[in-house]
Amino acid sequence: MSVEESKKLLRKKFLQARKQLGDMEKLVLNGAIAARIIAMEEFVQADVVAAYASDGIEVNLRGVIETALQMHKQVAMPRYNAEKSLYDLAVIEDFQRDMVTGKYGLPEPREDLPLASLSTKTLWLIPAVAFDRNGMRLGRGGGFYDRLLENAPGYRVGVFYQCQYCSEVLPAAEHDQRLDMAVTEQTIYKFN
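What counts, and where the lines are drawn
Residues numbered from 1 in each chain as written. Predicted model: local features only at pLDDT ≥ 70, side-chain atom pairs only at ≥ 80, totals over all residues. Heavy atoms only, no water. Helix = DSSP H or I, 4+ residues; strand = E, 2+ residues; numbered from the N terminus. Contact = heavy atoms within 4.5 Å. Salt bridge = Lys/Arg side-chain N within 4 Å of Asp/Glu carboxyl O. Buried < 20%, exposed > 50% of the residue type's maximum accessible area, 1.4 Å probe, protein only. Core = buried A, V, L, I, M, F, W, Y, C linked by side-chain atoms within 4.5 Å. Pairing = 2+ DSSP bridges. Axes fitted to C-alpha atoms, helices over the stretch in contact; angles between N-to-C directions. Phe/Tyr/Trp six-rings, centres within 6.5 Å; stacked < 30°, edge-to-face > 60°. Lys NZ or Arg CZ within 6 Å of the ring centre and 35° of its normal.

With that out of the way, let us pick up the environment of V75. Considering the arrangement of structural elements, one finds V75 in strand β2 (residues 74-81). Once residues lying within four places of it in the same chain are set aside, the contact partners of V75 are V49, I65, A68, L69, A90, V91 and I92.

What follows is the structure, encoded as structure tokens:
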């Protein structure tokens, strides 16, 4: 079986596990995950927080985003760039005001907002379908985050529900980007 075929089967398995979580359960888990992130030294030290807007199935980071804005951190969110067929990071100052419906129906920054300036003190909060003990993440298959993270400075934190942990080593291609850490409602995983 090829790497892509293996990934496809694993995506189906872990997407199904995540869909089994009820709305009230997700609300509680999202709160626990947000509390872990906000308490992390990497979050406190960050000058830029590169986050994402949840699709309703992924961990909702709204509380983390609001906290980062209150702490006067630069908050950067993915915005689709149709010319390049990839995502850029744009700076928001107010989630409600600055986000609009973008590609794939997901919230993204308005077109008139400036691009973010990333530094080594950028904290990336990254969604995915699954992760393993080596810090490999399994994305949705479009490679958008792999391209966004390629050569990007900062610290990479995957944001997951515990049911997204894969006890086996995930299949990976050369372009797949690793995480430095993963946060779930139960624990923090650090990878070297």
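Bringing the pattern of salt bridges into the picture now. This structure, assessed with the given rule, holds 11 salt bridges. With a shortest N-O distance of 3.5 Å, D146 and R137 are connected by a salt bridge. Both residues of the pair, D146 and R137, belong to the buried class.

On to the nonpolar core. Ranked by size, the top nonpolar core spans 53 residues in total, and within it I37, L61, I65, M77 and L125 carry the most contacts. Here the element with the most residues in this core is strand β3 (residues 86-92); it accounts for five residues. Sequence-distant contacts of I65, that is, excluding residues within four places in its chain, are made with A51, Y52, V75, M77, I92 and F95.

In this model, S85 sits at a positive phi of 55°, which is unusual for a non-glycine residue. For S85, a relative accessible area of 41% corresponds to the partly exposed category. Despite not being glycine, N151 has its phi angle at roughly 65°, a positive value.

What follows covers the sheet that holds strand β7 (residues 130-132). As summarised here, the arrangement of the three strands in space is β8-β7-β10, forming an open sheet in which the pairing is mixed. Two strands in the sheet have a free side with no partner beyond their single neighbour: β8 (137-138) and β10 (165-166).

Glancing now at the sheet that holds strand β11 (residues 181-183). Spatially, seven strands are ordered β3-β2-β1-β6-β9-β11-β12 in an open sheet, and the strand pairing comes out mixed. Across the chains shown, the open sheet's two edge strands, defined by having one partner strand only, are β3 and β12 (188-190). Sheet twist, expressed as the average angle between the axes of neighbouring strands with direction ignored, equals 25°. Note that β2 and β3 share seven bridges and pair antiparallel. Residue pairing in the sheet places Y80 in a bridge with Y87 of β3. The sheet strands contacting helix α4 (residues 62-70) are β1 (48-50), β2, β3 and β6 (122-126), and the helix crosses β2 at an angle near 125°.

What follows concerns the packing of aromatic side chains. Each aromatic ring pair is characterised by the separation of its centres together with the angle its planes make. Considering all chains together, one arrives at seven aromatic pairs under this definition. Ring centres of Y87 and F144 lie 5.1 Å apart, and the angle between their planes is 85°; this geometry places the pair in the edge-to-face category. Here the residue Y87 occupies a position in strand β3, and F144 occupies one in helix α6 (residues 144-149), the gap between them amounting to 57 residues. Owing to a relative accessible area of 12%, Y87 belongs among the buried residues under this scheme. An aromatic cluster is built from F131, F160, Y165 and Y189, whose rings are joined through pairwise contacts. Sitting above the plane of the F43 ring, K73 keeps its charged end 5.5 Å from the centroid.

Shape descriptors only; they carry no functional weight alone.
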